[in-house]
Amino acid sequence: MGKKVKIYIDDREIETQEGKTVLQAALENGIDIPYFCYHPRLPIAGACRMCVVYWEDINRLVISCNLPVKEGMKIRTHRTSELVRKQQKYLLQALMTRHPLDCPICDKAGECDLQNLGAIYGPQKQIVPVSALEKERHQHDWESDFLEYYSNRCVVCYRCTRACDEVVGARALYVDERGFHSNITPAERPMDTSSCEMCGICVAVCPVGAILSKPFKFWTRSWLLEREKTLCTFCPVGCDVIVEFGTGDWRAKRKVYRTKPTEELNVCAKAFFGYDALNHRRLLKTHVGEREETPGNVVNLLSTLLTEHGGKTAIILSAHLPAEIIDSAVRLAKGANSYITAPQSGELFSLLDELGSYELPKPQELASADALVFVGDDISSVASVLTYWAKRNVYKIGRTERDQKLKPKDITPEELESLSGNVYVLFTPHMMPQEDLIGTLKRLRDEKGFKLVPVVKDPNALYLYEALKGIYSDVGEVIELALSGQIENLIVFGEDILEFYEPSLFEELSQKLEHLIVASPFSDGLSEFAHIKIPMSLMGENEGTYVTFFGKKRGKRFLPWAFDDIGFWAYVCEGVPEGGQVKRVKGKNPKRRFFPHLYRNSWVSERSRNLSVLYEKNTAPLRA
């Protein structure tokens, strides 16, 4: 920590950390200074000049975003300096003169920095007589079904290009031309199949309506929506996102309209464009057969079934479940002397059993590593936000398609010996390039202190492993017992299992089993074969706990249609005696038939129409 310094802003004494800028010190102490190009996660650009202040010590105007604090410096903002007010008004006048002022049809209306600052600081009328036709700037077509650029609205703050370069590393945008003719241009077209990762950060950081999300365009207004911050559960990173929901307009029922990142800018395509999965054919009520049944009656039915027939029951869990439901399922399996398993038993669980111990660093820790080694699948596809912190000394064993943005050096397992210091090895359990590689990694962990990090593709897979360690059965054997009639009741959570088995298997099981119980967020898919259907919550619908790269985090329940599945399974536990011991069966496991992609990493993102379109576009050459 640096030393503290005292500065004076508008005659107010402020103590702040040495190394910060005047703008940061002001904002942290509730002093408002307007800006366009500054963002706390982005490097300083000094492009917009809107954050201008008066520095009394040198008797001149300076931009505050690039001015380091100094002991005793005296600063005046627009609140106490007429010179600053005139300068900011002049800058806004220049922007408004060439801006189309099309707020009534712009999706950014209500949350636009130019609109808001113009109302607070700037001119309220057109001062220079320039017609709408004379405002036209050359329009660049981004050739995208998801991102749209309006050149006339752009204030050339460079937030989007800096975010793409410095945060995501995709380098999908650049600035074409100069001055008024500047345009934000894709480095490659079509945009949807370029190096762009469709994270939507360019949309989120744009202070005006220059870059828009087409799926959100014209659907509603920002002031009509409710918004809450919660934990994203599309992957294991554990980013905070803002979910916006409401009724929207006369065309739509209540639904989720969009998700946005917080100021940390930790978001990827799965959350930014995958939000529409939360609206897809939701199962919101408990059913027995095709008849809707009260949750209380279904609780009683399940409690009776587990108490009287627990020995012939198996539970297949999902890594998309919060810790509280996983704990309830383990409690039920023990009390009913049932089998318990998960589809990850054959790859993740067995690999971690062999590994013994592993690390789960916070993403920020990766930035200070001496070396990062990515093993297996593309980390950019599996857990995209981790790559936002991987900025140097990256090595790769395995696939390098989208990870190519990190410019990794290919390395062999034998060459790992040459690395030293603070080394993180991030490996994907669902795809390991060599079967015996885990032995090498274990030795390097024990001898050289390498930190081994499993990058799982599902949000709570590591908690699921810890909860089932030592008691789980192999899922392939459980399915065989069900097919042979030795298991009569099967409780399946989610659809992780369909990444290993065809849906037709469950059509067969539906005929053979006494009870096929499915807990799912969706009324289609596996639910269609179920004898008993129970809703399963998604992001924004439960307050459960997840083990993530950002630590152990809790979700938040705020979506008005949410079913309390945590409470439901806790009630089922109350009707089943405690104690007992799970049955175990070990043996074979199925081969994975589904591998994650940036735009389709699970059965949840498969329900997103937005991500499905991107997936089809980007995998079309492989299918041709």
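Before reading on, note that the structure itself is shown above.
Residues numbered from 1 in each chain as written. Predicted model: local features only at pLDDT ≥ 70, side-chain atom pairs only at ≥ 80, totals over all residues. Heavy atoms only, no water.

A. The arrangement of the overall build of the protein chain in detail. Each helix and strand counted, the protein chain has 17 helices and 26 strands in total. For 624 residues, the compact-globule estimate of 2.2 N^0.38 gives 25 Å, and the C-alpha radius of gyration of the protein chain, at 27 Å, lies within 12% of that figure. Counting only C-alpha atoms and orienting by the principal axes, one finds that the protein chain spans roughly 85 × 65 × 55 Å. Here the protein chain holds 624 residues, and 59% of them are scored as buried. Of the contacts formed within the protein chain by residues at least 6 apart in sequence, a portion of 70% connects residues at least 24 apart. When the accessible surface of the protein chain is totalled, it reaches about 25600 Å², and 49% of it is carbon and sulfur. Averaging the locations of the 80 positively and 83 negatively charged side chains of the protein chain gives two centres separated by 5 Å. (Helix = DSSP H or I, 4+ residues; strand = E, 2+ residues; numbered from the N terminus. Rg over C-alpha atoms; globule rule 2.2 N^0.38 Å. Buried < 20%, exposed > 50% of the residue type's maximum accessible area, 1.4 Å probe, protein only. Contact = heavy atoms within 4.5 Å. Areas by Shrake-Rupley, 256 points an atom, 1.4 Å probe, with all protein chains shown as cover. Lys, Arg positive; Asp, Glu negative; His and termini not counted. Charge placed at Lys NZ, Arg CZ, Asp CG, Glu CD.)

B. The pairing of strand β23 (residues 515-520), seen in detail. Buried residues dominate β23, accounting for five of its six residues. Regarding the hand of the β-α-β motif, the stretch spanning strand β22 (residues 489-493), helix α15 (residues 504-512) and β23 is right-handed. As paired elements, β23 and strand β24 (residues 532-535) share four bridges and run parallel to each other. Within β24, the residue paired with Ser 520 across the bridge is Pro 535. (Right-handed = clockwise from strand over helix to strand, strands pointing away. Pairing = 2+ DSSP bridges.)

C. Region of the structure containing the nonpolar core. Counting 158 residues, the largest nonpolar core has Met 198, Ile 201, Leu 317, Ile 340, Leu 468, Ile 534 and Trp 569 as the members making the most contacts within it. The biggest single contributor to this core is helix α8 (residues 323-336), with eight residues. Residue contacts for Leu 468: discarding those within four places in its chain leaves Leu 317, Val 330, Ile 340, Thr 341, Ala 342 and Phe 349. (Core = buried A, V, L, I, M, F, W, Y, C linked by side-chain atoms within 4.5 Å.)

D. Expanded view of the packing of α8 against helix α13 (residues 461-468). Taken N-terminus to C-terminus, the directions of α8 and α13 make an angle of 25°; their axes are 10 Å apart at the nearest point. By the angle between their directions, the pair α8 and α13 is classed as roughly parallel. Crossing angle aside, the handedness with which α8 passes α13 is right-handed. Counted together, Ala 323, Ile 326, Asp 327 and Val 330 of α8 and Tyr 463, Leu 464, Ala 467 and Leu 468 of α13 form the full contact between these two elements. Per-class residue counts for the contact of α8 with α13 are seven nonpolar, no polar and one charged. (Axes fitted to C-alpha atoms, helices over the stretch in contact; angles between N-to-C directions. Parallel < 35°, antiparallel > 145°, perpendicular 65-115°, else oblique. Left-handed = near helix turned anticlockwise from the far one by under 90°. Nonpolar A, V, L, I, M, F, W, Y, C, P; charged D, E, K, R; others polar.)

E. Region of interest: the environment of Leu 351. Mapped onto the elements of the fold, Leu 351 is located in helix α9 (residues 348-355). Along the chain, Leu 351 and Glu 495 lie 144 residues apart, while their C-alpha atoms are 22 Å from each other.

F. Looking closely at the sheet that holds strand β11 (residues 240-246). Strand order in the open sheet formed by three strands is β10-β11-β12, with antiparallel pairing between adjacent strands. The sheet is open, and its two edges are formed by β10 (226-231) and β12 (255-261), each paired on a single side. Taking each pair of neighbouring strands and ignoring which way they run, the sheet shows an average axis angle of 30°. Strand direction decides the pairing type here: β11 and β12, joined by six bridges, are antiparallel. If you follow Phe 245 over to β12, its bridge partner there is Val 256.

G. Quick look at α9. Of the positions making up α9, those classed as buried are Leu 348, Phe 349, Leu 351, Leu 352 and Leu 355. Along the axis of α9, the buried residues cluster in a sector spanning 165°; they form a single face. Contacts made by the buried residues of α9 are with β20 (423-427), α12 (437-448), β21 (451-454) and α13. Trailing α9 by a residue or two, Gly 356 shows a phi angle of about 90°, which is positive. (Arc of directions from axis to C-beta.)

H. A look at the pattern of salt bridges. Inspection of the entire model under this criterion finds 40 salt bridges. Glu 347 is the salt-bridge partner of Arg 592, the closest N and O atoms lying 2.5 Å from each other. Within this pair, whereas Arg 592 is found in the loop between α16 (565-574) and α17 (609-623), its partner Glu 347 is found in the loop between β16 (339-341) and α9, the two being separated by 245 residues in sequence. There is no split in this pair, since Arg 592 and Glu 347 are both buried. In this structure, Glu 499 engages Arg 592 in a salt bridge whose closest nitrogen and oxygen atoms are separated by 3.1 Å. Here Arg 592 lies in the loop between α16 and α17 and Glu 499 lies in the loop between β22 and α15, a separation of 93 residues in the sequence. There is no split in this pair, since Glu 499 and Arg 592 are both buried. (Salt bridge = Lys/Arg side-chain N within 4 Å of Asp/Glu carboxyl O.)

I. Just the packing of helix α2 (residues 82-98) against helix α3 (residues 113-121), in detail. Running from N to C, α2 and α3 cross one another at 135°; their axes reach a closest spacing of 10 Å. Comparing the axis directions of α2 and α3 gives the class oblique. Relative to α3, α2 is oriented so that their crossing is left-handed. In this structure, α2 uses Gln 88, Lys 89, Leu 92, Leu 95 and Met 96 to contact α3, whose residues at the interface are Leu 114, Leu 117, Gly 118 and Tyr 121. Counted by class, the contact of α2 with α3 contains six nonpolar, two polar and one charged residues.

J. Up close: unusual backbone geometry. Here the residue pair Arg 189 and Pro 190 is connected by a cis peptide bond, since its omega of -5° sits within 30 degrees of zero. Position of Pro 190 among the secondary structure elements: in the loop between β8 (183-186) and α5 (201-205). Even without being glycine, Leu 101 reaches a positive phi, approximately 55°. Along the chain, the position of Leu 101 falls in the loop between α2 and α3. Unusually for a residue other than glycine, Arg 281 sits at a positive phi of about 30°. Residue position: Arg 281 is located in the loop between α6 (269-272) and β13 (287-288). Taking relative accessible area as the criterion, Arg 281 reaches 48% and is therefore assigned partly exposed.

K. Examining helix α14 (residues 475-483) more closely. Burial analysis of α14 places seven of its nine residues in the buried class, which makes it a mostly covered element. Three or more residues of α14 are buried, namely Val 475, Gly 476, Glu 477, Val 478, Ile 479, Leu 481 and Ala 482. For α14, the elements touching its buried residues are β15 (313-316), β16, β22 and α15.

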